Amino acid sequence: MTPEIFQQIMDARAQRKAVALVTALDSGKQRVVARDHAADDILAQVLDEAFRFDRSGVHKIPEGEFFVHIHNPPLRLIIIGAVHIAQSLIPIARATGYDIVVIPDVTLHGEWPDEILPGLGLDQRSAMVALTHDPKIDDPSLQLALKSKIFYIGALGSKKTQASRVQRLSAAGFSKTDIARIHGPIGIDIGAQGAPEIAIAIMAELTRVLRLGS
Amino acid sequence: MAGTDPTILDQAAQWLKDGRQVALATVIETWGSAPQPVGSQLAIDGEGNFIGSVSGGCVEGAVVTEAIDVIGSGKAKTLAFGVADETAWKVGLACGGKIRVYVEPLGA
């Protein structure tokens, strides 16, 4: 690997940019393909899935045998609300490989979550869960998430809470397809009772979306 | 999670900065119950120091030896390990899996 190629990979990591290192196994020739430009590559189809499912591997095409090594940024879970469920969710998410960002309802500096979120960079390797139950805190964060490429959005609350959330977001101009990206009530249905079980339900749903795409 | 562990590349970058020669070994294919997933890496310096894992300990010794050769020759090579390769390799994977490892000089 040339110093230039190595530097490109290290830079991409530092900037939370997804790249693939493609190595031609016969010649040893290498190139770095950014996820944003993967569609233009001869391995476009392979790359799309490989990035999405974080799956490196060898691929044979008429042009030769290539090893596609996916360098995705670390997974990240952004939790809105330093609440009880967050306490249970954090250790499970950490064990699953996520970097954790907890944004309290209001920070010590008097900032609201939606003032902090833009600075984090809501990318395709990030997920967000809104856990405050309070529309005036959750809604602005959800709106920002919907405008981003974030791979998972979940919102705590009953079916009734979710229905009124849908109404508010529609009124704010979001389409049905947009709003359908929000998982609410949050988590897969395992009859969860109490914070630790709800945390398991949330992580199960998040993992399903990450690995299976929906 | 993919097998890629970012701390290994950080260490490799540090070794290069210190003026050491470095090789990088990456699992590129696995069959059966291979202990480490595709993408797992082992970084090796010219003196045989290493960080990371390609097989959870089964074939690291052999990979390190090959890596030092790669550093010397400056040419990448592909290695295969597994029960089926016992005649070619004295070491194998106790778990019965097979792996293919790409070993390349880093920063050269």
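Parameters at a glance
- Residues numbered from 1 in each chain as written.
- Chains lettered and ligands numbered in written order.
- Predicted model: local features only at pLDDT ≥ 70, side-chain atom pairs only at ≥ 80, totals over all residues.
- Heavy atoms only, no water.
- Salt bridge = Lys/Arg side-chain N within 4 Å of Asp/Glu carboxyl O.
- Helix = DSSP H or I, 4+ residues; strand = E, 2+ residues; numbered from the N terminus.
- Buried < 20%, exposed > 50% of the residue type's maximum accessible area, 1.4 Å probe, protein only.
- Axes fitted to C-alpha atoms, helices over the stretch in contact; angles between N-to-C directions.
- Parallel < 35°, antiparallel > 145°, perpendicular 65-115°, else oblique.
- Left-handed = near helix turned anticlockwise from the far one by under 90°.
- Contact = heavy atoms within 4.5 Å.
- Pairing = 2+ DSSP bridges.
- Buried area = accessible area lost by both parts, 1.4 Å probe.
- Polar contact = N/O pair within 3.5 Å; in protein donor to acceptor, adjacent residues only side chain to side chain.
- Nonpolar A, V, L, I, M, F, W, Y, C, P; charged D, E, K, R; others polar.
- Domains from an automatic or database assignment.

Glancing now at the pattern of salt bridges. Inspection of the entire model under this criterion finds 11 salt bridges over all chains. Among the salt bridges present, the one from Arg13(A) reaches Asp10(B), with a minimum N-O distance of 2.9 Å. Residue Arg13(A) is found in helix α1 (residues 3–14), and its partner Asp10(B) is found in helix α1 (residues 6–17); the two belong to separate chains. In this structure Asp10(B) comes out as partly exposed when scored by relative accessible area, which is 37%. The residue Arg125(A) makes a salt bridge to Asp54(A) at a minimum N-O spacing of 3.5 Å. Of this pair, Arg125(A) sits in the loop between α4 (113–120) and β7 (126–130) while Asp54(A) is found in the loop between α2 (44–53) and β3 (57–61), placing the two residues 71 residues apart along the sequence. For Asp54(A), a relative accessible area of 11% corresponds to the buried category.

For any two helices packed against each other, the geometry comes down to the angle between their axes and how far apart the axes lie. Residue and element names in this part refer to chain A. One way to put it is that α4 packs onto helix α5 (residues 135–146) with a least axis distance of 9 Å and a crossing angle of 25°. Here α5 runs roughly parallel to α4, going by the angle between their axes. Between α4 and α5 lies a crossing of right-handed hand. Mapping the contact onto sequence places Pro113, Asp114, Leu117 and Pro118 in α4 and Ile137, Pro140, Ser141 and Leu144 in α5.

Our focus in this paragraph is the sheet that holds strand β4 (residues 77–82) of chain B. Residue and element names in this part refer to chain B. With antiparallel pairing, the 5 strands of this open sheet are ordered in space as β3-β2-β1-β5-β4. Two strands in the sheet have a free side with no partner beyond their single neighbour: β3 (50–52) and β4. With strand direction ignored, the average angle separating the axes of adjacent strands in the sheet is 20°. Helix α2 (residues 60–73) contacts β1 (22–31), β2 (41–45), β3, β4 and β5 (98–106) of the sheet and is inclined by roughly 55° relative to β2.

In this section: the interface of chain A and chain B. Every contact between the two is made by 23 residues of chain A and, on the other side, 24 residues of chain B. Buried surface at the junction of chain A and chain B, summed over both partners, amounts to about 1700 Å²; 61% is from carbon and sulfur atoms. Three residues stand out in chain A for area buried against chain B, namely Met1(A), Phe6(A) and Arg13(A), and they jointly supply 32% of the buried area on that side. Here chain A and chain B share 2 salt bridges between them. One can count 7 residue pairs in polar contact (both at pLDDT 80 or more) joining chain A with chain B. Here the residues of the side of chain A that touches chain B sort into 9 nonpolar, 10 polar and 4 charged.

Residues and elements named next belong to chain A. Each assigned domain of chain A is listed with its residue range as follows: domain 1 (3–71) and domain 2 (75–212). Summarising the inter-unit geometry, the C-alpha centres of domain 1 and domain 2 are found 31 Å apart. Between domain 1 and domain 2, the residue contacts involve 5 residues of the former and 8 residues of the latter. Both faces considered, domain 1 and domain 2 share a buried interface measuring about 700 Å² in area, 29% of it formed by carbon and sulfur atoms.

Turning our attention to the side chain of Asp123(A). All names here are of chain A. Structurally, the position occupied by aspartate 123 is in the loop between α4 and β7. When its relative accessible area of 17% is taken as the criterion, aspartate 123 is described as buried. A distance of 3.1 Å separates the side chain of aspartate 123 from the backbone nitrogen of arginine 125, its partner in a polar contact. A polar side-chain atom of aspartate 123 sits 2.8 Å from a polar atom in the side chain of serine 126. Apart from residues no more than four positions distant in its own chain, aspartate 123 is found in contact with Arg16, Arg76, Lys149, Ile150 and Phe151.

Looking now at the sheet that holds β3(A). Residue and element names in this part refer to chain A. Strands sit in the order β2-β1-β4-β3 across an open sheet of 4 strands; the sheet is antiparallel. Each edge of the open sheet is held by one strand with a lone partner, namely β2 (30–34) and β3. Going from strand to strand, the sheet's axes swing by 30° on average, the running direction of each strand aside. Relative to strand β4 (residues 64–71), strand β1 (residues 19–24) runs antiparallel, the two sharing 6 bridges. Across the sheet, the residue bridging to valine 19 is histidine 71, located in β4. Along the sheet face, α1 touches β1, β2 and β4 and points at about 25° away from the line of β2. Each of β1, β2, β3 and β4 is contacted by α2, which is oriented at about 30° to β4, the strand it contacts most.

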